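Notes for the structure review
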Amino acid sequence: MQDTMAISGKIYVIDNGPLVLTAYSSQVYSADMFYTVFAADPMNPKEGRRYRHAVLERGGSQDEMQTLEDFLGRKPSTEPFYRELGLSK
C-alpha cells in the first residue's frame, strides 16, 4: 500500500509505514554544495561552469554520490545543513 502525505509543503511517500525523506537528503547535499562552492560568490561564472560540467552534464550517467564527491572534492558533510538550521556549534 502506498500513500502520500504533505508536511510543510513537501510531499512524502509512505510505503508500508516508513516515511521516505528524500527531500531532506537533497537539502543536505545542496546546502553542502552551496556553502562549499557558492557561498562566497553565488554568481561566480567559473564555479557555475564547473557545476554545469561536473554535475548537470553527467546527469544519471554515473552514481549520484560519486558525482557529488567529484564536485566537492570530498565526501559530503551534514554540517552546512545543520548550520543553516541553526543547529551547528
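Below you will find a few notes about this structure.

Some details on helix α2 (residues 45-56)
Those residues of α2 that fall on the buried side of the exposure criterion are E47, A54 and V55. Down the axis of α2, the smallest arc covering the buried residues is 80°, so these residues share one side. In α2, the exposed residues that point more than 90 degrees away from the buried face are P45 and L56. Two or three places before K46, at the opening of α2, N44 has a side-chain oxygen 2.8 Å from that residue's backbone nitrogen.

Observations regarding a nonpolar patch on the surface
There is a patch of nonpolar side chains on the surface, built from Y82, L85 and L87 and spanning about 310 Å² of accessible area. Assignment of secondary structure puts Y82 in helix α4 (residues 79-84). The exposure class assigned to Y82 is partly exposed, which follows from its relative accessible area of 37%.

A short note on the layout of surface pockets
By volume, the largest pocket is sized at about 220 Å³. Contributing to the lining of the largest pocket are S26, Y29, S30, M33, Y51, V55, G59, D63, E64, M65, T67 and L68. Every element with two or more residues in the lining of the largest pocket is listed here: α1 (22-38), α2 and α3 (64-72). Classifying every residue of the lining of the largest pocket by side-chain character gives 6 nonpolar, 4 polar and 2 charged.

Overview of α3
Taken together, the buried positions of α3 are occupied by T67, L68, E69, F71 and L72. The backbone nitrogen of M65 lies 3.2 Å from a side-chain oxygen of the residue at the head of α3, namely D63. G73, located one to two residues past α3, shows a positive phi value of around 80°.

So, the side chain of T67
Tracing the sequence through the fold places T67 in helix α3. Apart from the residues within four sequence positions on either side, T67 is in contact with A54, V55, R58 and Q62.

Quick word on the packing of aromatic side chains
For the structure shown, the criterion picks out 5 aromatic pairs. For the pair F81 and Y82, a centre-to-centre distance of 6.3 Å together with 50° between the ring planes defines the contact as tilted. Here the guanidinium or amino end of R83 rests over the ring plane of Y35, the centre of that ring lying 5.1 Å away.

Each value, and the rule that gives it
Residues numbered from 1 in each chain as written. Predicted model: local features only at pLDDT ≥ 70, side-chain atom pairs only at ≥ 80, totals over all residues. Heavy atoms only, no water. Buried < 20%, exposed > 50% of the residue type's maximum accessible area, 1.4 Å probe, protein only. Helix = DSSP H or I, 4+ residues; strand = E, 2+ residues; numbered from the N terminus. Arc of directions from axis to C-beta. Polar contact = N/O pair within 3.5 Å; in protein donor to acceptor, adjacent residues only side chain to side chain. Patch = residues over 30% accessible without salt bridge, like charges linked within 9 Å, V, L, I, M, F, W, Y side chains within 5 Å. Areas by Shrake-Rupley, 256 points an atom, 1.4 Å probe, with all protein chains shown as cover. Salt bridge = Lys/Arg side-chain N within 4 Å of Asp/Glu carboxyl O. 1 Å grid on protein atoms, 1.4 Å probe; cavity = no way out; pocket = protein on both sides within 12 Å on 5 of 7 lines; lining within 4 Å. Points joined across faces, edges and corners; volume = space filled by probe spheres on them. Nonpolar A, V, L, I, M, F, W, Y, C, P; charged D, E, K, R; others polar. Contact = heavy atoms within 4.5 Å. Phe/Tyr/Trp six-rings, centres within 6.5 Å; stacked < 30°, edge-to-face > 60°. Lys NZ or Arg CZ within 6 Å of the ring centre and 35° of its normal.

Just distances and angles here, no functional claims.
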